[in-house]
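An overview of the molecular structure
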Amino acid sequence: VELGRILINQATVAIQNASLYAETRRLTEELEQRVAERTEELGREHQRAQTMLQIMQELSASLDLDHVLNRTLEMLNETTGAQQSTILLVRPNDKTFFYRSSLGYTTPPPTGGRPSVIPLDNGLAGWVINQRESCLIADLSTDQRWLQIPKSETEHRSAIAAPLMVGAEALGSMLLFHREPGIFSSEHRELVQAASNQIAIAINNNELFNLIREQAESLGGMLRTQQVEASRSMAILEAVADGVLVTDHQNTITLFNESAQQILDLNREDVVDKSLDDFTGLFGGAARSWMQTINQWTNDLSSFEEGGIYAERITLENKSVVSIHLAPVVMRSEFLGTVSIFRDITHQVEVD
């Protein structure tokens, strides 16, 4: 009996050891499998990160949008195994998508893109824009969101669609296709969604750059036109026989032509950019009314009567008689300054 009890205990220990060994071996195999799966997953994540880095580098490497979009679609096709990738954009006042870029077995659009026949509110591209989310479709032939274009011979079966979002605004959609069903995975969908966000930023930046460039060119053209007009006006003012004196809204002299120098016997360098009040003594008491009128218009434009003309005759210290005509410069009820015209009438006075 004692010998049997010992043998039974030894057998029990052996069975337990065998069970523990089997459990340990199973756990070890599971751990190795999990490590292998995690290693493979990390490898795929690393590959996706490398792909996203390359996509970001490509999108920021050039301002040629056609080149960077085609290069980005090429990398996405290589990474996901897609055979066809397409970018459709939403343009203001258009009822159909704008076919911007494509790479694969379909005919690509020309440089700069072209309008398409795909309506904005229907089909898979319209659905992802309305829902603001991406989707993964194993077989397009069984999906009601897929819109088959009439007279089209496309062989799309598997698909990934993602909206091109900048903030809350949808610029369009990106679609990846394969001729066989069930090709893409959820990891491919996440990669396409991340890439679509970067592509949307690049497209938006390109549109902003083009807008800024057009505005800069327009402003540059307007500035050149204004410079030409200003040069022409300056040449005309310098050529007239009458003296011209212009003040700004702060009563500072901004223009004093050659004839004004001769009539008033003043140097332009001593007058321009100076306040008109600094020259009160040079004109004498006869010019006090003229200067008071300028100051009054500068401080209160309402005192100017529409259609009214200020005219004055002053006698300078050298006994020259000068007639003055004064008018304000107003644009949209805003006072910009005054213009004074001087004419030497000494000879006419002597004749009288």
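Right, let's walk through the structure included here. (Residues numbered from 1 in each chain as written. Predicted model: local features only at pLDDT ≥ 70, side-chain atom pairs only at ≥ 80, totals over all residues. Heavy atoms only, no water.)

1. Details of the overall build of the protein chain
Within the protein chain, the regular secondary structure consists of eight helices and 11 strands. At 42 Å, the protein chain has a C-alpha radius of gyration far larger than the 20 Å of a compact globule built from 352 residues. Along the first, second and third principal axes, the C-alpha set of the protein chain runs to 160 × 65 × 35 Å. Here the protein chain holds 352 residues, and 34% of them are scored as buried. Across the protein chain, every contact between residues at least 6 apart in sequence was considered, and the portion connecting residues at least 24 apart equals 50%. Of the roughly 21300 Å² of accessible surface on the protein chain, a fraction of 52% belongs to carbon and sulfur atoms. Taking the average location of the 28 positive side-chain charges in the protein chain and that of its 48 negative ones, the two points are 9 Å from each other. (Helix = DSSP H or I, 4+ residues; strand = E, 2+ residues; numbered from the N terminus. Rg over C-alpha atoms; globule rule 2.2 N^0.38 Å. Buried < 20%, exposed > 50% of the residue type's maximum accessible area, 1.4 Å probe, protein only. Contact = heavy atoms within 4.5 Å. Areas by Shrake-Rupley, 256 points an atom, 1.4 Å probe, with all protein chains shown as cover. Lys, Arg positive; Asp, Glu negative; His and termini not counted. Charge placed at Lys NZ, Arg CZ, Asp CG, Glu CD.)

2. Re helix α2 (residues 65–80)
The end-to-end C-alpha distance of α2 is 22 Å, a good match for the 22 Å that 16 residues give at a rise of 1.5 Å each. Looking one or two residues past α2, Gly81 carries a phi angle of roughly 80°, positive in sign. (Expected span 1.5 Å × (residues − 1).)

3. A few points about the side chain of Thr338
Mapped onto the fold, Thr338 is located in strand β11 (residues 334–344). A polar contact is formed between the side chain of Thr338 and the side chain of Thr247, at a distance of 2.4 Å. Discounting chain neighbours no more than four positions away, the residues touching Thr338 are Leu245, Val246, Thr247, Ile294, Trp297, Leu326, Ala327, Pro328 and Val329. (Polar contact = N/O pair within 3.5 Å; in protein donor to acceptor, adjacent residues only side chain to side chain.)

4. Section: the pattern of salt bridges
In total, this model carries 11 salt bridges according to the counting rule given. Here Glu2 ties to Arg5 by a salt bridge, and the two come within 2.7 Å at their closest N and O atoms. A residue pair is termed a helical-turn pair when its members lie 3 or 4 positions apart in one helix, as Glu2 and Arg5 do in helix α1 (residues 2–61) at three residues. With relative accessibility at 43%, the residue Arg5 sits in the partly exposed group. (Salt bridge = Lys/Arg side-chain N within 4 Å of Asp/Glu carboxyl O.)

5. Here we look at the environment of Ile183
For Ile183, the position within the fold is in the loop between β6 (169–178) and α4 (186–239). For the pair Ile183 and Gln262, spaced 79 residues apart in sequence, the C-alpha to C-alpha distance is 90 Å. Other than its neighbours up to four places away in sequence, Ile183 contacts Ser158, His178 and His188.

6. A closer look at a nonpolar patch on the surface
Taken together, the side chains of Leu208, Leu211 and Ile212 define a hydrophobic patch exposed on the protein surface, amounting to about 280 Å² of accessible area. Tracing the backbone shows Leu208 in helix α4. (Patch = residues over 30% accessible without salt bridge, like charges linked within 9 Å, V, L, I, M, F, W, Y side chains within 5 Å.)

7. Examining the environment of Ala170
Its location among the elements puts Ala170 in strand β6. Distance from Ala170 to Pro181, taken between C-alpha atoms, is 28 Å for residues 11 residues apart in sequence. Not counting chain neighbours up to four residues away, the residues in contact with Ala170 comprise Val90, Ile129, Arg132, Leu164 and Met165.

This is a description of form; function is not addressed.
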